[in-house]
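Inside the fold
Residue strings, one per chain:
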Amino acid sequence: MSEDWLQTLIRPEVRALQSYHVPESAGLIKLDAMENPFSWPESMRQEWAERIVAVEPNRYPDPQAKALVQQMREVFSISDEQALLLGNGSDELIQMLLVATASPGRKVLSVEPGFVMYRQIARFLGLEYVGVPLAEDFSLNVQAMLDAIASHQPAVIFIAYPNNPSGNLFDSMAIRQIIDLAPGLVVIDEAYEPFAKNSFMEQAGQPENLLVMRTVSKLGLAGLRLGYLVGAPRVIDELEKIRLPYNINVLTQFTVAFALKHYSILLQQVDDICQQRAQLVKSLSMMPGVTAYATDANFVLIRLQSGSADDVFMQLREHGVLIKNLSGQGGLLANCLRVTVGSAEENQTFLEHFEAILRDAKP
Ligand SMILES: *Cc1c(COP(=O)(O)O)cnc(C)c1O
């Protein structure tokens, strides 16, 4: 075999990528990935353990996940006129959407800074990614969006609502304008809907090119990998053709159904996180040299006016607290960090170290 056979074999757009990096977090307070910090009450864990023995790992899962889907329709208020597609996390739904639409010259559009998987998946499928910069305050630059849509004619537009990593909800009238002008699909990514309570879900499928995507990850079930996409039956039917038949495994189907029977417990946890969020933003806002952006999600975007976000990030990790360093992405994220809202104790530990590090960094 020639020496560069692998280089020739693997597509150039794949070779150009870096695999998605997940930092080592063992032993650290984990405030980097927007996970719910709370476990289930002991009685609920016990009940789950007792019931899960009935699941049969030797059998393939129900390919349609009928029982789970019915329950999701009730719990998440999805009407019978709306169709629903399940994915192995919303990441897989993004992949399905782009596999279905990928062909040379087609484009995918979102905002910058935005969720990195839109760009990552677009690139490995050979689609061109267009990132339209947000305004200085992370709001939508509406005219720039409309101009970019008119000139690039994107096959798919992704809008995270609230946005990650900025945490804000964009103006819903502006999103309406985008939907009206879009020549292809518009996917409203509501991964953080539990913390925002604003939603396009009722409108999913009307117009036909409007899809709403959600996940149970940020709600508290990140380990189970379940995302869902809601829209017009005609659109979902096309996407359904490229879904691998058993993408939602038996343990996930069982456990999400179980958790949704105890949905009120998850909602209590969400309430608690929202209260902690208010505390965290308040404490951060009182720190000199720190901008904490308003957030409708379970994380806070922070900008340091002075000092280095890289240094602060590394020192926090040395003190056992893992957050997300965004400053390497540059642009609007220069000197920015992102911290997930944790439990009261976790947030307190983070705040104490963060404040001390900033204080010591002062000349
Ligand atoms: C976390 C996140 C997702 C991914 O969710 P999974 O269901 O865990 O794959 C999708 N979109 C946004 C904006 C996110 O922040």
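Structural data are supplied above this passage.
**Quick notes on the site of the ligand**
Taken together, 13 residues lie around the ligand, and Asp-189, Tyr-192, Thr-215, Ser-217 and Lys-218 are the ones closest in. One of the side-chain N or O atoms of Asp-189 is found 2.6 Å from a nitrogen atom in the ligand. In the model, an oxygen atom of the ligand is placed 2.5 Å from a nitrogen or oxygen of the Thr-215 side chain. Relative to its unbound accessible surface of 390 Å², the ligand loses 93% to contact with the protein. Elements with a minimum of two residues in the shell around the ligand: α5 (89-101) and α10 (217-221). If you tally residues by element for the shell around the ligand, the top one is α5, at three residues.

**A word on a nonpolar patch on the surface**
Taken together, the side chains of Met-1, Trp-5, Leu-6, Leu-9, Ile-10 and Val-14 present a nonpolar region at the surface, about 620 Å² in accessible area. A total of three residues in the nonpolar patch trace back to one element, the largest contributor, which is helix α1 (residues 5-9). Checked against the element boundaries, Leu-6 lands in helix α1.

**As for unusual backbone geometry**
Here the bond from Glu-112 into Pro-113 is cis, since omega is 0 degrees, no more than 30 degrees from zero. Assignment of secondary structure puts Pro-113 in the loop between β3 (107-112) and α6 (116-124). Put simply, Gln-206 and Pro-207 share a cis peptide bond, and its omega is 5 degrees. Position of Pro-207 relative to the elements: it lies in the loop between α9 (193-196) and β7 (210-215). For Ala-65, which is not a glycine, the phi torsion comes out positive at approximately 45 degrees. Secondary-structure assignment places Ala-65 in the loop between α3 (42-52) and α4 (66-75).

**Notes on α4**
Those residues of α4 that sit buried are Leu-68, Val-69, Gln-71, Met-72 and Arg-73. Looking one or two places after α4, you find Ser-77, whose phi comes out positive at around 55 degrees.

**A short note on the packing of helix α7 (residues 142-152) against helix α8 (residues 172-181)**
Orientation of α7 relative to α8, taken along the N-to-C sense of each, is 10 degrees, at an axis distance of 10 Å. By the angle between their directions, the pair α7 and α8 is classed as roughly parallel. Between α7 and α8, the contacting residues are Val-142, Met-145, Leu-146, Ile-149 and Ala-150 on the first element and Ala-174, Gln-177, Ile-178 and Leu-181 on the second. Counted by class, the contact of α7 with α8 contains eight nonpolar, one polar and no charged residues.

**Some details on the environment of Val-186**
Relative to the helices and strands, Val-186 is located in strand β6 (residues 185-189). Taking the C-alpha atoms as reference points, Val-186 and Glu-208, 22 residues apart in sequence, are found 9.6 Å from one another.

**Comments concerning the sheet that holds strand β10 (residues 299-304)**
An order of β9-β10-β13-β12 is seen for the four strands of this open sheet, with the pairing classed as antiparallel. The open sheet is flanked by β9 (290-292) and β12 (324-325), the only strands paired with a single partner. Here helix α15 (residues 344-361) sits on the sheet and contacts β9, β10 and β13 (336-340); the angle it forms with β10, its principal contact strand, is near 5 degrees.

**Here's the deal with the environment of Pro-183**
When you line up the elements, Pro-183 lands in the loop between α8 and β6. With a relative accessible area of 43%, Pro-183 lands in the partly exposed category. Sequence separation between Pro-183 and Asn-163 is 20 residues; the distance between their C-alpha atoms is 22 Å. Ignoring anything within four residues of it in the chain, the contact list for Pro-183 reads Ile-149, Gln-153 and Pro-154.

**Details of the side chain of Ser-217**
Within the fold, Ser-217 resides in helix α10. Separated by 3.4 Å, the side chains of Ser-217 and Arg-225 make a polar contact. When residues no more than four places from it in sequence are discounted, the contact partners of Ser-217 are Ala-222 and Arg-225.

**Topic: the nonpolar core**
If you look at the biggest cluster of nonpolar residues, it comprises 93 residues, and the most contacted ones within it are Leu-86, Leu-284, Ile-302, Phe-350 and Phe-354. In terms of residue count, the dominant contributor to this core is helix α13 (residues 263-285) (nine residues). Setting aside residues no more than four positions away along its own chain, Leu-284 makes contact with Val-290, Ala-292, Val-300, Ile-302, Phe-350, Leu-351 and Phe-354. Of all hydrophobic cores here, the second largest spans 28 residues; its members include Leu-85, Ala-155, Val-235 and Leu-239.

**Describing the sheet that holds strand β2 (residues 83-87)**
The strand order across the open sheet built from seven strands is β2-β8-β7-β6-β5-β3-β4, with neighbouring strands paired in mixed fashion. Strands with a single pairing partner mark the edges of an open sheet, and in this sheet they are β2 and β4 (128-133). Strand-to-strand twist in this sheet, taken as the mean axis angle between neighbours without regard to direction, amounts to 25 degrees. Where β3 meets β4, six bridges bridge the pair, whose relative direction is parallel. Following the sheet pairing, Ser-110 is matched in β4 by Gly-131. Relative to the sheet, α7 contacts β3, β4 and β5 (156-160), its axis offset from that of β3 by approximately 165 degrees.

Cut-offs and rules
Residues numbered from 1 in each chain as written. Predicted model: local features only at pLDDT ≥ 70, side-chain atom pairs only at ≥ 80, totals over all residues. Heavy atoms only, no water. Near = heavy atom within 4 Å. Polar contact = N/O pair within 3.5 Å; in protein donor to acceptor, adjacent residues only side chain to side chain. Areas by Shrake-Rupley, 256 points an atom, 1.4 Å probe, with all protein chains shown as cover. Helix = DSSP H or I, 4+ residues; strand = E, 2+ residues; numbered from the N terminus. Patch = residues over 30% accessible without salt bridge, like charges linked within 9 Å, V, L, I, M, F, W, Y side chains within 5 Å. Salt bridge = Lys/Arg side-chain N within 4 Å of Asp/Glu carboxyl O. Buried < 20%, exposed > 50% of the residue type's maximum accessible area, 1.4 Å probe, protein only. Axes fitted to C-alpha atoms, helices over the stretch in contact; angles between N-to-C directions. Parallel < 35°, antiparallel > 145°, perpendicular 65-115°, else oblique. Contact = heavy atoms within 4.5 Å. Nonpolar A, V, L, I, M, F, W, Y, C, P; charged D, E, K, R; others polar. Pairing = 2+ DSSP bridges. Core = buried A, V, L, I, M, F, W, Y, C linked by side-chain atoms within 4.5 Å.

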